[in-house]
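Overview (structure and organization)
Each chain, written out:
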Amino acid sequence: EKSQDCMYLQYCKVCQSYKAPRSHHCRKCKRCVMKMDHHCPWINNCCGYQNHASFTLFLLLAPLGCIHASFIFIMTMYTQLYNRISFGWSSVKIDMSAAKRDPRPIIPFGLTAFAASLFALGLALGTTIVVGMLFIIQMKVILTNKTSIESWIEEKAKDRIQYYQTGETFIFPYDTGSKWKNFKQVFTWSGIPEGDGLDWPVRDGCHQYSLTIEQLKQKADKRVRSVRYRAVEDYSGICCPVTKGIRTFFTTPCTEEPRIPLSKGDLILATRGLKHWMYGEKILDSAADGGIRERGWFPRKCVEKCQYDSETDQAVDGEKKNR
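What you are looking at is a predicted structure, and each value in this text was computed from that prediction instead of being measured. (Residues numbered from 1 in each chain as written. Predicted model: local features only at pLDDT ≥ 70, side-chain atom pairs only at ≥ 80, totals over all residues. Heavy atoms only, no water.)

Here's the deal with the overall build of the chain
Of regular secondary structure, the chain possesses 7 helices and 13 strands. Looking at the 323 residues of the chain, the share that counts as buried comes to 36%. Taking all contacts inside the chain whose residues are at least 6 apart in sequence as the whole, residues at least 24 apart take part in 60%. For the chain, the accessible surface area stands at approximately 20200 Å², while carbon and sulfur atoms represent 60% of it. (Helix = DSSP H or I, 4+ residues; strand = E, 2+ residues; numbered from the N terminus. Buried < 20%, exposed > 50% of the residue type's maximum accessible area, 1.4 Å probe, protein only. Contact = heavy atoms within 4.5 Å. Areas by Shrake-Rupley, 256 points an atom, 1.4 Å probe, with all protein chains shown as cover.)

As structure tokens, this is what we get:
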């Protein structure tokens with residue numbers, strides 16, 4: 001509504017508009033999502049302002065359902081095996097053909113059913129552990145009125161302040177200081193979250209754009225620390241390239257972030273990296289690409305660092321120091 005507020009906001013080149021506070025662009029959904037937490041492939045949608053509570057309840061009810069299923073599987077196998085065990089003087093025999101003490105069950109329980117039940121029990125227990133841990137992580141960020149992305153932004157803010165020794169203190173603006181108030185912003189009796197997804201209550205000493213200003217500072221810092229590389233080998237963009245070395249094949253990043261294909265001579269701005277992989281953005285020759293940005297991982301073996309002048313060398317040294 002106020003044009004002067006645009007200086008505090010991030011501009012989305014894909015959507016051709018400014019991002020609201022706490023909003024992020026999703027490459028899978030191809031739109032900006034209010035209070036985006038992450039994109040979940042299991043629900044084929046983003047977890048954000050409108051469905052954060054529903055997604056968290058799903059993370060709670062799924063393990064509870066798996067615990068219920070595990071109890072049924074365990075009791076079924078115990079009962080059926082108990083009815084088929086014969087205790088002798090020197091051995092214990094299990095006859096899976098039929099129950100010896102009880103009449104034939106309605107559903108036959110043979111060796112195949114036992115193997116299927118045991119496999120299903122493993123899946124149920126595994127889902128209980130994994131999804132249960134995700135539920136705990138979600139509850140931790142909800143009780144501090146954050147999202148997973150905002151937790152990462154806060155960590156990067158501390159790293160930026162420590163790196164440049166600015167002396168400033170970053171205070172997350174949306175944490176009310178009360179876990180119960182933070183909880184009520186997401187979970188309501190009506191199922192509709194509080195607010196409109198655009199304006200949020202903030203802590204004293206902060207304002208609506210405290211987080212977006214920090215994001216703009218981090219983006220500027222990332223541009224300073226980025227290093228320019230030139231592709232010396234072609235790369236098709238495959239997730240696990242066999243032709244780029246065994247170590248590159250087995251150390252592929254375990255993330256949903258894309259891989260970018262490279263042609264010999266392409267220029268890339270690398271912002272972060274692993275031992276055998278790097279992440280960056282391809283420098284496009286023309287500006288008439290409709291705001292499309294090619295970002296993703298690529299093998300370190302396919303690129304080499306470009307030659308810099310003295311001013312850029314300082315940025316490279318800073319990037320090395322940060323690593």
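What to know about the sheet that holds strand β9 (residues 227-231)
Read from one edge to the other, the open sheet built from 5 strands follows the order β12-β11-β10-β9-β13, with strand pairing classed as antiparallel. Strands with a single pairing partner mark the edges of an open sheet, and in this sheet they are β12 (295-299) and β13 (303-305). Direction aside, the axes of adjacent strands within the sheet are offset by 45° on average. Summarising the sheet, β9 and β13 pair through 3 bridges and their orientation is antiparallel. Note that in β13 the partner of Tyr229 across the bridge is Lys305. (Pairing = 2+ DSSP bridges. Axes fitted to C-alpha atoms, helices over the stretch in contact; angles between N-to-C directions.)

Structural notes on the pairing of strand β10 (residues 267-273)
Strand direction decides the pairing type here: β9 and β10, joined by 4 bridges, are antiparallel. Bridge assignment links Arg230 to a residue of β10, and that residue is Leu267.

Concerning helix α3 (residues 148-164)
What sets the pattern is the α-helix's 3.6 residues per turn: residues three or four places apart point alike. If you check α3, its first and last C-alpha atoms are 25 Å apart, about what 17 residues at 1.5 Å a residue would give, namely 24 Å. Three or more residues of α3 are buried, namely Glu150, Ile153, Glu154, Ala157, Arg160, Ile161 and Tyr163. Following α3 by one or two positions, Gln165 has its phi on the positive side, about 55°. (Expected span 1.5 Å × (residues − 1).)

Structural notes on the nonpolar core
Tyr229, Tyr235, Leu262, Ile268, Met278, Phe298 and Val303 are the most contacted members of the largest nonpolar core, which has 15 residues in total. Mapped onto this core, the elements with two or more residues apiece are β9, β10, β11 (277-282) and β12. (Core = buried A, V, L, I, M, F, W, Y, C linked by side-chain atoms within 4.5 Å.)

Overview of the confidence of the model for the chain
Residues with a pLDDT of 70 or more make up 85% of the chain, whose mean pLDDT is 83. In this model residues 309-323 is a low-confidence stretch, pLDDT under 50, and it forms 19 contacts with partners more than four residues away in sequence or in other chains. (pLDDT = per-residue confidence, 0-100.)

What about the pattern of salt bridges?
Under the defined criterion, the tally for this structure stands at 11 salt bridges. Between Arg160 and Glu168 there is a salt bridge, with the nearest N and O atoms lying 3.2 Å from each other. Looking at Arg160, the relative accessible area reads 7%, which means it is buried. Glu168 gets classed as partly exposed once you look at its relative accessible area, which sits at 29%. For Asp221, the salt bridge identified is with Arg225, shortest N-O distance 3.0 Å. (Salt bridge = Lys/Arg side-chain N within 4 Å of Asp/Glu carboxyl O.)

Focus: the packing of aromatic side chains
On inspection of all chains with the given rule, the structure shows 11 aromatic pairs. Ring plane angle 15° and centroid distance 5.5 Å describe the contact between Tyr8 and Tyr209, whose orientation is recorded as stacked. Residue Tyr8 is found in the segment before β1 (11-12), and its partner Tyr209 is found in the loop between α4 (179-186) and α5 (210-225); the two are separated by 201 residues along the sequence. On the basis of relative accessibility, which here comes to 29%, the residue Tyr8 falls in the partly exposed class. Between Tyr279 and Trp297 the ring centres are 5.5 Å apart and the planes differ by 65°, which places this aromatic pair in the edge-to-face class. Of this pair, Tyr279 sits in strand β11 while Trp297 sits in strand β12, and the two are 18 residues apart along the sequence. Side by side, Tyr279 and Trp297 carry an identical accessibility label, which is buried. One aromatic cluster is present, formed by Trp180, Phe183 and Phe187 through successive ring pairs. Between the NZ or CZ atom of Arg22 and the centre of the ring of Trp200, over which it lies, the distance is 4.6 Å. Geometry around Tyr163 places Arg225 over its ring, the cationic atom sitting 4.0 Å from the centre. (Phe/Tyr/Trp six-rings, centres within 6.5 Å; stacked < 30°, edge-to-face > 60°. Lys NZ or Arg CZ within 6 Å of the ring centre and 35° of its normal.)

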